[in-house]
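Each chain is listed here by its residues.
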Amino acid sequence: MKFATKAIHAGIEPDPSTGAIMTPIFQTSTFAQPSVGKNKGFEYARSSNPTRQTLEKSFAALENAKHAFAFSSGMAATDTVMKLLKPNDEVICGQDIYGGSYRLFVKIYEEMGIKFHFIDMQDEEKIQNTINKNSKMIWIETPSNPLLQIIDIKKTVDIAKKNNLISVVDNTFATPYLQNPITMGADIAMHSATKYLGGHSDVVMGALMLNDEKLAEKIYFIQKSCGAVPSPFDCFLVLRGIKTLHLRVDASCRNATKIATFLMNHEKVKNVYYVGLEQHKGHKIAKKQMKKFGGMISFDLKNDTKENAAIFLEKINIFALAESLGGVESLACYPAMMTHASIPIEKRHEIGITDSLIRLSIGCEDTDDLMQDLEEALQNVKV
Ligand SMILES: *Cc1c(COP(=O)(O)O)cnc(C)c1O
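From a predicted model like this one, the values you see are computed outputs, not experimental measurements.

## Let's talk about the pattern of salt bridges
- What the rule picks out here adds up to nine salt bridges.
- Between Glu124 and Lys155 there is a salt bridge, and its shortest N-O distance comes to 3.5 Å. One end of the pair, Glu124, is in helix 5 (residues 124-130); the other, Lys155, is in helix 6 (residues 153-162), with 31 residues separating them in the sequence.
- Owing to a relative accessible area of 42%, Lys155 belongs among the partly exposed residues under this scheme.

Below, the structure written as structure tokens:
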């Protein structure tokens, strides 16, 4: 089955009792059991719920995986993966991963005796040199946030396999429509379904997709034991969102390609980071592992000041100044003071997050309107 058909149909059957085409919201915590020890496949909604089960089948299909699990947030999904580890285990991860993941790793799991190595995952030799007898997991995110760096999934996964490490890819920015880590050999694909999968900025949810039977059993056990499950209503919303995933991502990619070129040619703009641009450092690898180049763009200003970024962000109209991404509406965010505020200024500058760096999540509005909005805001920016 091709992606568009999967997005609309995979895992979804008409409701057997009524024929309802849309999966009902089974707003129930428990299920009547006909006799002791017998049930109709459901006992208690923390363990499983029909609305969630349908969504999980859809999740699995999107990533070509055998198993999928839905969580109450992306962070809950990541937390579940970390619970596979024990004290003294070591994790190798990218140095520019999502800020919330960094916080979870350093503030919660390092306290519990797990060690994290944050390294440049574009450098295979560095990965190789970091691996030791305690290494258990490799965690990558590609494209990364906010500079959209690209990590070669196939190469990284091969290193993980050779060294018996669990490989996990945070696939949130790319979406399962553009990139499939499991197909490239990764053990686990992780998503913040809050972003493109939900797609309408109205729900917080996470997902894990994987093939391995034993790993799936462990993850299910952690999920039902710890209980970070999404509500049936939220599952319904994400099921609904997924039906248009390919259409929304196509529209975002189309808009982003035009907007990246527009920004690149703008006299007040210094650097433009868009995976689809040929001069982007990771463009070649992206071309190999992604179907299209996504809807995320970052750029900074020639007159690189906080004040100038603030002017731009005050003058945008259609773009909303907000954290998050991946919805139908376009958003702008200011990494230096929002998503990456916790990074010391020298470190921020060193990795390229300048004082005027702005990250755009390009939505599905009309391209001309979006470009006009950016142009008007840029006109107010000081030279
Ligand atoms: C948002 C996000 C997360 C965290 O997901 P939540 O749903 O907000 O808990 C993790 N990784 C990436 C890349 C994200 O953008």
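What follows picks up the thread again.
## Brief notes about empty space enclosed by the protein
- Enumeration according to the criterion identifies two cavities of 30 Å³ or more in this entry.
- Here the largest cavity defines a volume of roughly 50 Å³.
- Together, Gly94, Gln95, Asp96, Ile119, Asp120, Met121, Gln122, Glu141, Ser144, Gln149 and Ile151 line the largest cavity.
- Taken together, the residues that form the lining of the largest cavity break down as three nonpolar, five polar and three charged.
- Of the voids in this model, the second largest cavity is the one considered here, and its volume is about 40 Å³.
- Along its surface, the second largest cavity is lined by Pro143, Leu148, Phe173, Val275, Phe293, Gly294, Gly295 and Met296.
- Here the lining of the second largest cavity is composed, by residue class, of six nonpolar, two polar and no charged.

## Remarks on the site of the ligand
- Lining the immediate environment of the ligand, one finds 13 residues, of which Met75, Asp170, Ser192, Thr194 and Lys195 sit closest.
- Met75 is positioned such that a nitrogen or oxygen atom in its backbone is 2.9 Å from an oxygen atom of the ligand.
- Ser192 places a polar side-chain atom, nitrogen or oxygen, 2.8 Å from an oxygen atom of the ligand.
- Residue classes in the shell around the ligand are distributed as five nonpolar, five polar and three charged.

## Some words on the layout of surface pockets
- Looking at the largest pocket, its volume works out to about 1000 Å³.
- What lines the largest pocket is a set of 39 residues, among which Gln95, Asp96, His340, Ile343 and Ile351 lie closest to the centre.
- Among the elements of the structure, helix 4 (99-109), strand 8 (269-273) and helix 13 (345-351) are those that each provide at least two residues to the lining of the largest pocket.
- Looking at the lining of the largest pocket residue by residue, the classes come out as 17 nonpolar, 14 polar and eight charged.
- Split by domain, the lining of the largest pocket shows at least three residues from each of two domains, domain 1 (3-242) and domain 2 (245-379).

## Quick notes on unusual backbone geometry
- The amide bond that connects Thr142 to the next residue, Pro143, takes the cis arrangement and shows omega of -5°.
- Position of Pro143 among the secondary structure elements: in the loop between strand 4 (135-141) and helix 6.
- In this model, Thr175 sits at a positive phi of 70°, which is unusual for a non-glycine residue.
- Locating Thr175 in the fold gives a position in helix 7 (residues 175-178).
- On the basis of relative accessibility, which here comes to 1%, the residue Thr175 falls in the buried class.

Calculation criteria
- Residues numbered from 1 in each chain as written.
- Predicted model: local features only at pLDDT ≥ 70, side-chain atom pairs only at ≥ 80, totals over all residues.
- Heavy atoms only, no water.
- Salt bridge = Lys/Arg side-chain N within 4 Å of Asp/Glu carboxyl O.
- Helix = DSSP H or I, 4+ residues; strand = E, 2+ residues; numbered from the N terminus.
- Buried < 20%, exposed > 50% of the residue type's maximum accessible area, 1.4 Å probe, protein only.
- 1 Å grid on protein atoms, 1.4 Å probe; cavity = no way out; pocket = protein on both sides within 12 Å on 5 of 7 lines; lining within 4 Å.
- Points joined across faces, edges and corners; volume = space filled by probe spheres on them.
- Nonpolar A, V, L, I, M, F, W, Y, C, P; charged D, E, K, R; others polar.
- Near = heavy atom within 4 Å.
- Polar contact = N/O pair within 3.5 Å; in protein donor to acceptor, adjacent residues only side chain to side chain.
- Domains from an automatic or database assignment.

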